[in-house]
Amino acid sequence: MIQTFLQLFRKTQMWRKLPLKDHYDVVIVGAGVHGLSTAYYLSKLGVKNVAVLDKGYVGGGASARSTAIIRANYMTLEGIPFFRESHKLYEGLARELDFNLLFNQMGRLDLGHTESVVFGLRQRAEFNQVLGVNSRLIGPDEIKELVPVVDLRKGKILPIMAALYHPPAGTVRHDAVVWGYARGADRLGAEIHPFTEVTGIRSENGRMTGVETSAGYIRTDVVVSATAGWSSTVAAMAGIELPIITYPLQACVTEPLKPFLDKTLSSANLHAYVYQTDRGELVIGGPVDPFPTYNHSSTLSMLEELALFTLELIPSLRDVKILRQWTGLCDMTPDYAPVMGKVDGLDGFILNCGWGTWGFKAAPISGKSIAELVSTGNTPPLIEPFGLSRFEDGRLINERAAATAAAIH
């Protein structure tokens, strides 16, 4: 599969290599899935003089380290409609970008092992159904029918009592989404400049005036910060302090196995999730590390934890070998919800950050919404609740309940 992508990339010019200009209408910091989707939808709206800058290669940050699970079964009145719209965009994204994204809508089971967790899953199911998201609570018999390999033995410390079943959930090839958006943005007139680091942000009288980069100064009236892991650093260049702490998030994959698992399994109690790829590998993820750092190193202790919790769900995997392990960086806000929109007191500085562990699934609608904000000057109602000012106003969202498998524990 990787070889096929590489062959396609080498034979087809995905995006142009252009000289950096000294002025752009919009500068987007971060050439990951959020920055590139923003550039794509901006260009569709007719904003052509757009530059996407990244200190590394295209999609080489958090986008390259994502497990790329796509779902919409969130918990809050603000989060459910937002992720519902993003999920809808994903369903038609391959056709729109004319690029095979390998989107596999395999379905998802969020498992409940205690009465309190099952109560929360029942609430999520009801909220989802009211707001147009297909999910429902199911019992052990249906769980066993959908995933025969799962361990449903009674008497365990954490037996599986129920699950939130979300049939349209799935996975997507993260590289393909990045490349598809990059190619689409390029074809519509946006410029992509990898290996161009933003080193400073300038403003005068409360308005953006430009950015300093490793390749020279660029004048611009609008800067969109769409980085992951480094959003606090970029915001600090503009004199903005974000309520964000960055944590590592580790994952691993096993050796390829014959297909046996066609659903994504997630356990809030065990802090683990697992699914099988088209190549037969099992992708296994869990909670963020218990300490903040920018270190990308993987640890044996977390690998042991992921293996232990996965075996609680599927004991038959005990002899399977781990193929590789990796670490990404997650920007966590106090209420486990993202930060999108304008910044009071600094016109032209737009935030698209704080995505924690669910940024990839949000990229289409976040990019489209931020593009609409930049183009019209008005904040779309869908992202209005996620503004930075909510932390001062006491309007926290609290999306932790829908992200407990990867939450801090």
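For the structure, check the block above.
What you see is a predicted model, and the numbers here were worked out from it, not measured in a lab.

Draft legend 1. Here's a closer look at the overall build of the protein chain. Counting its secondary structure elements, the protein chain contains 10 helices and 19 strands. Compactness check: the protein chain gives a C-alpha radius of gyration of 21 Å against a globular reference of 22 Å for 409 residues, within 12% of the reference. Principal axes of the C-alpha set define a box for the protein chain whose edges measure 65 × 50 × 40 Å. For the protein chain, with 409 residues in total, the buried portion stands at 56%. For the protein chain, contacts bridging at least 24 residues in sequence account for 76% of all contacts bridging at least 6. When the accessible area of the protein chain is evaluated, it comes to approximately 17,100 Å², of which 52% is carbon and sulfur surface.

Draft legend 2. Focus on the sheet that holds strand β5 (residues 136-138). Spatially, 8 strands are ordered β5-β6-β4-β14-β15-β16-β13-β17 in an open sheet, and the strand pairing comes out mixed. Lying at the two open borders of the sheet, with one neighbouring strand each, are β5 and β17 (322-332). Within this sheet the neighbouring strands show an average axis-to-axis angle of 20 degrees, counted without direction. Pairing of strand β15 (residues 272-276) with strand β16 (residues 282-288) involves 4 bridges; the strand directions are antiparallel. Note on β16: the bridge partner recorded for Gln276 is Leu282. Sheet strands in contact with helix α4 (residues 115-130) are β4 (108-112), β5 and β6 (162-166), and its direction is about 145 degrees off that of β4. Lying over the sheet, helix α8 (residues 300-313) contacts β4, β13 (245-254), β14 (264-267), β15, β16 and β17, oriented at roughly 115 degrees with respect to β16.

Draft legend 3. Representation of the nonpolar core. The biggest cluster of nonpolar side chains holds 64 residues, and the ones touching the most others in it are Val26, Ile28, Phe82, Val177 and Tyr181. The element that contributes the greatest number of residues to this core is helix α9 (residues 359-376), accounting for 8 residues. In this view, Val26 contacts Leu42, Val47, Asn49, Val50, Ala51, Thr220, Val222, Val224 and Val374; residues no more than four positions away in its chain are not counted. Ranked by size, the runner-up nonpolar core spans 25 residues in total, among them Ile138, Val147, Ile160 and Ile284.

Draft legend 4. Geometry of the state of the cysteines. Inspection of the entire model under this criterion finds 0 disulfides. For Cys252, which is in no disulfide, the shortest distance to another cysteine sulfur is to Cys330 and amounts to 15 Å. The thiol of Cys353 is not disulfide-bonded; the next cysteine sulfur, from Cys330, is found 13 Å away.

Draft legend 5. Summary view of the packing of aromatic side chains. A complete count under the given rule lists 10 aromatic pairs for this structure. Each ring, one from Tyr74 and one from Phe83, has its centre 4.0 Å from the other, and the planes form 10 degrees; the classification is stacked. Comparing Tyr74 with Phe83 shows no difference in burial state: the two are buried. Following the ring pairs from residue to residue traces out a cluster consisting of Tyr74, Phe82, Phe83, Trp355, Trp358 and Phe386. Between the NZ or CZ atom of Arg202 and the centre of the ring of Tyr217, over which it lies, the distance is 3.9 Å.

Draft legend 6. Here's a closer look at the side chain of Lys156. Along the chain, Lys156 falls in the loop between α5 (140-146) and β6. Accessibility expressed as a relative area gives 18% for Lys156, which makes it buried. Engagement of the side chain of Lys156 in a polar contact is seen with the side chain of Asp151, the distance being 3.1 Å. If near-sequence neighbours (up to four positions away) are discounted, Lys156 is found in contact with Asp151 and Glu312.

Draft legend 7. Fine view of the environment of Tyr74. Relative to the elements of secondary structure, Tyr74 occurs in the loop between β3 (69-70) and α3 (79-97). Accessibility expressed as a relative area gives 0% for Tyr74, which makes it buried. For the pair formed by Tyr74 and Leu121, sequence separation is 47 residues and the distance between their alpha carbons is 10.0 Å.

About the cut-offs
- Residues numbered from 1 in each chain as written.
- Predicted model: local features only at pLDDT ≥ 70, side-chain atom pairs only at ≥ 80, totals over all residues.
- Heavy atoms only, no water.
- Helix = DSSP H or I, 4+ residues; strand = E, 2+ residues; numbered from the N terminus.
- Rg over C-alpha atoms; globule rule 2.2 N^0.38 Å.
- Buried < 20%, exposed > 50% of the residue type's maximum accessible area, 1.4 Å probe, protein only.
- Contact = heavy atoms within 4.5 Å.
- Areas by Shrake-Rupley, 256 points an atom, 1.4 Å probe, with all protein chains shown as cover.
- Pairing = 2+ DSSP bridges.
- Axes fitted to C-alpha atoms, helices over the stretch in contact; angles between N-to-C directions.
- Core = buried A, V, L, I, M, F, W, Y, C linked by side-chain atoms within 4.5 Å.
- Disulfide = S-S within 2.5 Å.
- Phe/Tyr/Trp six-rings, centres within 6.5 Å; stacked < 30°, edge-to-face > 60°.
- Lys NZ or Arg CZ within 6 Å of the ring centre and 35° of its normal.
- Polar contact = N/O pair within 3.5 Å; in protein donor to acceptor, adjacent residues only side chain to side chain.

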